[in-house]
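Analysis of the macromolecular model
The lines below spell out each chain.
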Amino acid sequence: MISFIVPVFNVRPYLRQCLDSILADESVPIELIAIDDRSTDGSADILAEYAARDPRVVLLTMERNSGQGPARNRGLTKATGDYVWFVDSDDWLAEGIVAAVAARIAHLDPDVVVVDHVRAHWDGTVDRSVNQFAGAPEVFALREWPRAIEILHTPWNKIIRRSLLLATGFEFKTGWYEDVPFTYRVLLAADKITLLDRVGVNYRQRRIGAATRTVGEGHFAIFPNWSEVFDTFDDSRPGADKLRGLLFRRMIWHFLIVRGNDDRLPDELRSRFFEEMTAQYHRYLPPGGYPVPGGLDGIKHRLVAGGRERTFQTLRFGFRRAQDAKATGAVAKRAGRRGRRLARLGRAAALRAYYHAELRRPRDPQLALFAAYWYRGYACNPAAIYEKAKELEPGVRGVWVVRRDKVGTLPPGVPYVVAGTRAYFQALARATYLVNNVNWPNYVVKREGSTHVMTHHGTPLKVMGLDQRDYPGGVQDADFAGQMRRADRWDYSITANAFTTQMWERAYPCRYRTLETGYPRNDRLALATPDEVARVRASLGIAPSQRVVLYAATHREHLPGYHPPFDPERVRAAAGTDAVLLMRSHYFHDRRGASADPVDLPGVRDVSGHPSVEDLYLAADVLVTDYSSVMFDYAVLDRPIVIYAPDWEAYRMIRGVYFDVVAEPPGAVAQTLDDLYEVLSSGAFENDAATKARAEFRRRFATLDDGHAAQRVVDTVFRG
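Residues numbered from 1 in each chain as written. Predicted model: local features only at pLDDT ≥ 70, side-chain atom pairs only at ≥ 80, totals over all residues. Heavy atoms only, no water.

Some words on the overall build of the protein
Broken down by element type, the protein carries 26 helices and 22 strands. Burial statistics for the protein: of 720 residues in total, 53% are counted as buried. At a minimum sequence separation of 6, the contacts of the protein that also span at least 24 residues come to 73%. With an accessible surface of roughly 31900 Å², the protein has 50% of that area assigned to carbon and sulfur atoms. (Helix = DSSP H or I, 4+ residues; strand = E, 2+ residues; numbered from the N terminus. Buried < 20%, exposed > 50% of the residue type's maximum accessible area, 1.4 Å probe, protein only. Contact = heavy atoms within 4.5 Å. Areas by Shrake-Rupley, 256 points an atom, 1.4 Å probe, with all protein chains shown as cover.)

Next comes the structure, spelled out in structure tokens:
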């Protein structure tokens, strides 16, 4: 049996992928020991969920946050497997690797199995490791094939016989670079090592949050950890002199990697780090020397040996200057092309220049700029926040950005600027607060001291952001780096529930602060009274006794022009003889063509142009939808919902989804048109099963929608 030991601390966006990859193959006996290192982001809830449903999962909780090393030690004390595999909780295993490792163990009975890896970058690119497995014997000790020293020194690419690990007496320490002594003490102690030349681990290169990209003094931990390798080195072992020299060369290589990385050491620590490199060089230099690399690397080694930090820095600076000269030439060419394009743009170029001039003027500390749906009007979460800010913080001056053709849709008295005008660019440059439910255009500059609030416009069922890389058929914007640059401007990300928080943090791994407040636009639904519902229905000409069915389907980006099979007359009839069917969907028009006659069906209304979807929610007794986020909003009202999903399998395969809405629905499910007629005519949409499903859905997605979400946002963003 293999014991997987997985320390966990605040990795909620990645944790499920990690756990699923370990548990996927049930043919191999395993145990998964997950150690919660006192996570604060909800990771512990995910671990509890897995432990409750899978007996192979053992959940441990640290008494206090102690770091990855002590968590691994705790897990090892509980392991019962013949072999141990330490896996980092933000990485994930390759498909089939557990079975492949088990087969190799059964065949060779090794002390250590080493697997290969790929670096999985946040932008979707994947880098295969340099092939260091070629030419290795099937089984060897380190002295017999010392090239294994060059393989990446991490615990997660090694599966180790548990008795060997216990015999070494090794314990992980707190802090960084604890992987170094672990790797080399294990490899030196093993008599039988085998390399499985197959990708076993997807090594996630996180955009933010990785220790290797954290600037600070913590990187000095590399020195005591390498010291442990040499302080515990047994010179009496066969081949000790050769191994010591190769390990020494590897140590200097590692020091140089860290010293040369701007993402690890700030300028003020570089000299001290170099001094420590030199001290370690002389402290552990083998008496018989070591194989010094050639070329530029050899020069670096000699500079470290001589303590010549200034010469080292000059050499590094000269190399960078050469690289920069090449880059500058390329930038100049691009700038020339850009300048020619701007000249052709005429008025637009002048307005952009005006915008950049305004950026040099002081910000207006009271100006808040609001927008929604690419300037299409006054709506959604930004509108709810605007109203609440006007009430609670009247000193903030809210201004809306709208398209010229949407000015007439603004409520009376709402200040506005028209997108693309001089007034728009001035407001965009000088506003202190920018609130939007989509991203601002690429040209918008995030000013120091400004606050950008991304409210989003729905709880995600379909995959978004970086998660779309796995579903290229549904991708409209394949510039994922550009998506991340836009998300880098966010200061706050508003979410409706913990599920949404988790999905956004995974899809948009940037440095914003999440405000898990509920959706401000749903405050009205949470606080609606029977009198308000009656007024809305009366304004739509709906009698109190009539049953109202609202149909709202999502847009299928991967299938332009597609509409689900739907017969409005039969659906309305199935809902009752006096029922009213409200259809809010552009598919209603697409089906008939742009030049078709206006729809004229008894009891059926096209409400696609109605200015307030909240009015339609309040008027409706039943919602019929497919994969639209309207289901999450409507659930706030605790009224029946029907999922009509005729193309579910194709949609989830091509577009990608975050959960199975057919298996975990907010109510009754219909996957054919006949099923939909049956659900509506039989009343199955409000039976016990549908009611129970809706209650679970509300528990998962709607608990924060209590009518005060906008106030929570305003209190944090505008009132401090």
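Brief notes about helix H7 (residues 222-231)
Counting buried residues along H7, 8 of its 10 residues qualify, which places the element largely inside the surrounding structure. Among the residues of H7, Ile222, Phe223, Asn225, Trp226, Ser227, Glu228, Val229 and Phe230 are the ones counted as buried. Looking at the buried side of H7, the elements it contacts are helix H6 (179-189), helix H8 (240-259) and helix H9 (267-284).

Re the sheet that holds strand E21 (residues 641-644)
The strand order across the open sheet formed by 6 strands is E19-E18-E17-E20-E21-E22, and the pairing between neighbours is parallel. Two strands close off the open sheet at either side, each with one partner strand: strand E19 (604-606) and strand E22 (668-670). Each neighbouring strand pair of the sheet contributes to a mean axis angle of 20 degrees, computed without reference to strand direction. When strand E20 (residues 622-625) meets E21, the two strands line up parallel, connected through 3 bridges. The partner of Val624 across the bridge, within E21, is Val642. Against the sheet, helix H19 (residues 568-575) makes contact with strand E17 (548-552), strand E18 (580-583) and E19, and its axis sits at roughly 135 degrees relative to E18, the strand it touches most. Along the sheet face, helix H24 (residues 673-682) touches E20, E21 and E22 and points at about 150 degrees away from the line of E22. (Pairing = 2+ DSSP bridges. Axes fitted to C-alpha atoms, helices over the stretch in contact; angles between N-to-C directions.)

Points about the packing of aromatic side chains
Each aromatic ring pair is characterised by the separation of its centres together with the angle its planes make. What the rule picks out here adds up to 47 aromatic pairs. Centre to centre, the rings of Phe223 and Phe273 are 4.8 Å apart; their planes meet at 45 degrees, and the pair counts as tilted. Of this pair, Phe223 sits in helix H7 while Phe273 sits in helix H9; the two residues are 50 residues apart in sequence, bridging distant segments of the chain. Neither Phe223 nor Phe273 differs from the other in exposure class; each is buried. (Phe/Tyr/Trp six-rings, centres within 6.5 Å; stacked < 30°, edge-to-face > 60°.)

Description of the packing of H7 against H9
In helix packing, the relevant descriptors are the interaxial angle and the interaxial distance, both defined with respect to the helix axes. Relative to each other, H7 and H9 sit at 5 degrees, their axes nearing to 11 Å. When the axes of H7 and H9 are compared, the pair comes out roughly parallel. Across from Ile222, Phe223, Trp226, Ser227, Phe230 and Asp231 in H7, the residues of H9 making contact are Phe273, Glu276, Met277, Gln280 and Tyr284. For the contact of H7 with H9, the class distribution of residues is 7 nonpolar, 2 polar and 2 charged. (Parallel < 35°, antiparallel > 145°, perpendicular 65-115°, else oblique. Nonpolar A, V, L, I, M, F, W, Y, C, P; charged D, E, K, R; others polar.)

Notes on the pairing of strand E1 (residues 2-8)
Regular strands place their side chains on alternate faces of the sheet. Of all the 7 residues making up E1, 7 are buried; the element is thus mostly covered by neighbouring parts of the structure. Relative to strand E4 (residues 83-86), E1 is paired through 4 bridges, and the arrangement is parallel. Paired with Ile2 across the strands is Tyr83, a residue of E4. Bridge count for E1 against strand E2 (residues 30-36) is 7 bridges, and the pairing is parallel. Following the sheet pairing, Val6 is matched in E2 by Ala34. Between the parallel elements E1 and E2, the chain passes through helix H1 (residues 12-23) in a crossover that is right-handed. (Right-handed = clockwise from strand over helix to strand, strands pointing away.)

Some words on the sheet that holds strand E16 (residues 513-516)
If you trace the 7 strands from one edge of the open sheet to the other, you get E12-E11-E10-E13-E14-E15-E16, paired in parallel fashion. The open sheet has two edge strands, strand E12 (416-418) and E16, and neither has a second partner. Pairs of neighbouring strands in the sheet enclose a mean axial angle of 25 degrees, with direction left out of account. Alignment of strand E13 (residues 431-436) against strand E14 (residues 451-454), held across 4 bridges, turns out to be parallel. Opposite Leu434, over in E14, you have His452 as the bridge partner.

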